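Fold and geometry: a report
Here is what each chain is made of, one letter per residue.
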Amino acid sequence: MSHAATAYKHSGAIGPAGFIVPVFGIIITILFSYAYAYASVYSPIGGVITVILLIVFAVGTGFFLSVVGYAAKCRNAWFMHAMGFLTSIFALYTSWVVFVFVLMRQNGDFEQVGIQELFFAPDSLWELMQSINSTGWYSIRDATPSGTFLWIIWGIEALVIIVAITYLASASLDSAIFCEDCSQWSKTLSSFHLAPTDDISFLEKLMAGETEILAELDANHETLFPRITVDLYSCGGCTETNGYKLRVVTLEVDKDGKTNEDSEDLTGLFLLPSNHFKKLKELGDRPAPEPDAESEVGPEDEGDAGM
Ligand SMILES: [Zn+2]
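Since the structure is predicted, the reported quantities are computational estimates derived from the model, not experimental observations.

What follows is about the overall build of the chain. Within the chain one finds 10 helices and eight strands. Computed over the C-alpha atoms, the radius of gyration of the chain is 25 Å, more than 25% above the 19 Å expected from 2.2 N^0.38 for a compact globule of 307 residues. Across its three principal directions, the C-alpha atoms of the chain cover 75 × 55 × 30 Å. A buried classification covers 27% of the 307 residues belonging to the chain. Long-range contacts, defined here as pairs at least 24 residues apart, represent 75% of the contacts in the chain between residues at least 6 apart.

Structure, rendered in structure tokens:
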């Protein structure tokens, strides 16, 4: 027997993102590369700060690129990954140009050469990189990394930039439903919470898109963990394109006794016909029992009684 829900898949359309993403990709990359290179040269201490700067640069560039893809209504994750890869190469190159330029200026060299000249002179850039590598340029605890060791550090840095930007480029469109009729993204309508279940065959049915059986789960209060959370999506234009996603939300307690919600997707995005969507929405209107004081404390476990 087939059921009403169908797995949602992007149409693959690229649309205006075909030129908006490359143009904004270049602008974003130049801004981030400048900030990264200047911060790297002028940050007072190496080590942890360097790693944080690298993560902010790589993750920031990848994330902003994905936001541009979303705003430009791109429905093709592969296109975004390809743009991410090209952008990452451009980001790597640009950040090296700015870095070498700023470092040389700081050392009092390079008065005659402009940054554009260096950008279009990869041979000179390569020679300067080799010269910086042979002596090293920063010290951590009286050691100045240079030579092979510094090449390895630079190689890891390059890999982080390429992998993070390529991977994150589609992040904003991965969990969104697009209404092709209205040519717009659907919005998160609401979320509601259900009691968890360990029943494997039940969970398998949910993963296959059987929404009818969700009625068998009790409503759950949002302060109780673990729980199943149902996110409802709807197109604001036609209200015909509707969908949902299921997540399992747990409460993690770290070693300091701090609690954090941890959410993991149980299903991908599913589309539902309007009448089924209405029923699913009504399921969320059931009142959830108020948690009693005891269970609200969360997982009663080791060592964090002092909280
Ligand atoms: Zn619509």
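The residue phenylalanine 225 is located in the loop between helix H8 (200–207) and strand S5 (227–234) in this model. In this structure, the C-alpha to C-alpha distance between phenylalanine 225 and asparagine 260, residues 35 residues apart in sequence, is 11 Å.

We now examine helix H6 (residues 147–168). Between its first and last C-alpha atoms H6 spans 32 Å; for 22 residues at 1.5 Å apiece the expected length is 32 Å, and the two agree. Residues of H6 that are buried include every one of Ile161, Ala164, Ile165, Thr166 and Leu168, and no others. Those residues of H6 that are buried lie in contact with helix H2 (48–71), helix H3 (77–106) and helix H7 (171–174).

Moving on to the nonpolar core. A general trend in soluble globular proteins is that nonpolar side chains are found buried together. Membership of the largest hydrophobic core comes to 33 residues, with the highest contact counts inside it found for Leu65, Cys74 and Ile165. Among the elements of the structure, helix H1 (17–42), H2, H3 and H6 are those that each provide at least two residues to this core. No other element matches H3, which puts 11 residues into this core. Apart from residues no more than four positions distant in its own chain, cysteine 74 is found in contact with Ile14, Gly15, Ala17, Val21, Gly69, Phe79, Met80 and Leu173.

It is worth spelling out unusual backbone geometry at this point. A cis amide bond, omega -10°, links phenylalanine 225 with the succeeding residue proline 226. Checked against the element boundaries, proline 226 lands in the loop between H8 and S5. Within the chain, lysine 73 stands out as a residue other than glycine whose phi angle is a positive 60°. Topologically, lysine 73 is positioned in the loop between H2 and H3. The phi torsion at threonine 239 lies on the positive side, around 55°, for a residue other than glycine. Note that threonine 239 resides in the loop between S5 and strand S6 (242–253).

Another point: the packing of H2 against H3. Each pair of packed helices gets described by two things: the angle between the helix axes and the distance between those axes. Running from amino to carboxyl end, H2 crosses H3 at an angle of 140°, the nearest separation of the two axes being 11 Å. Taken together, the axes of H2 and H3 lie oblique to each other. For the pair H2 and H3, the sense of crossing is right-handed. In contact with Thr61, Gly62, Leu65, Ser66 and Gly69 of H2, H3 contributes Met80, Met83, Gly84, Thr87 and Ala91. Residues that form the contact of H2 with H3 fall into these classes: four nonpolar, six polar and no charged.

For the rest of this paragraph, the subject is the domain arrangement of the chain. Many analyses report the size of an interface as the accessible area lost when the parts associate. For the chain, the domain assignment lists domain 1 (17–174) and domain 2 (179–291). Between the C-alpha centres of domain 1 and domain 2 the distance comes to 39 Å.

Glancing now at the environment of isoleucine 49. Mapped onto the elements, isoleucine 49 comes out in helix H2. The sequence separation of isoleucine 49 and alanine 39 amounts to 10 residues, and the corresponding C-alpha distance is 9.5 Å.

Attention shifts here to the pairing of strand S7 (residues 259–265). Counted residue by residue, S7 has zero buried out of seven residues, so it is predominantly exposed. Counting the residues in the hairpin turn of S6 and S7 gives five residues, including glycine 257, whose phi is positive at 85°.

Now for the pairing of S6. Here S5 runs beside S6; their pairing, made up of eight bridges, is antiparallel. Residue leucine 232 lies in a different strand from S6, and its bridge partner there is tyrosine 244. Across seven bridges, the pairing between S6 and S7 is antiparallel. Among the inter-strand pairings, valine 253 is bridged to a residue of S7, identified as threonine 259.

In the predicted model, the chain carries a mean pLDDT of 89, and 93% of its residues have values of at least 70. A low-confidence stretch, residues 300–307 stays under pLDDT 50, and its non-local contacts, those more than four residues away or across chains, total four contacts.

Running from amino to carboxyl end, H3 crosses H6 at an angle of 150°, the nearest separation of the two axes being 7 Å. In terms of their interaxial angle, H3 and H6 are classed as roughly antiparallel. Crossing geometry of H3 relative to H6 is assigned as right-handed. Contacts from His81, Gly84, Phe85, Thr87, Ser88, Ala91 and Leu92 of H3 reach H6 at Ala158, Ile161, Ile162, Ile165, Thr166 and Leu168.

Mapped onto the elements, tryptophan 126 comes out in helix H5 (residues 122–135). Using a count of 12 C-beta atoms within 10 Å as the deciding quantity, one classes tryptophan 126 as exposed. For the pair formed by tryptophan 126 and tryptophan 96, sequence separation is 30 residues and the distance between their alpha carbons is 9.6 Å.

Definitions and limits used
- Residues numbered from 1 in each chain as written.
- Predicted model: local features only at pLDDT ≥ 70, side-chain atom pairs only at ≥ 80, totals over all residues.
- Helix = DSSP H or I, 4+ residues; strand = E, 2+ residues; numbered from the N terminus.
- Rg over C-alpha atoms; globule rule 2.2 N^0.38 Å.
- Buried ≥ 20, exposed ≤ 12 C-beta atoms within 10 Å, placed from the backbone.
- Contact = placed C-beta atoms within 7 Å.
- Expected span 1.5 Å × (residues − 1).
- Core = buried A, V, L, I, M, F, W, Y, C linked by C-beta atoms within 7 Å.
- Axes fitted to C-alpha atoms, helices over the stretch in contact; angles between N-to-C directions.
- Parallel < 35°, antiparallel > 145°, perpendicular 65-115°, else oblique.
- Left-handed = near helix turned anticlockwise from the far one by under 90°.
- Nonpolar A, V, L, I, M, F, W, Y, C, P; charged D, E, K, R; others polar.
- Domains from an automatic or database assignment.
- Pairing = 2+ DSSP bridges.
- pLDDT = per-residue confidence, 0-100.

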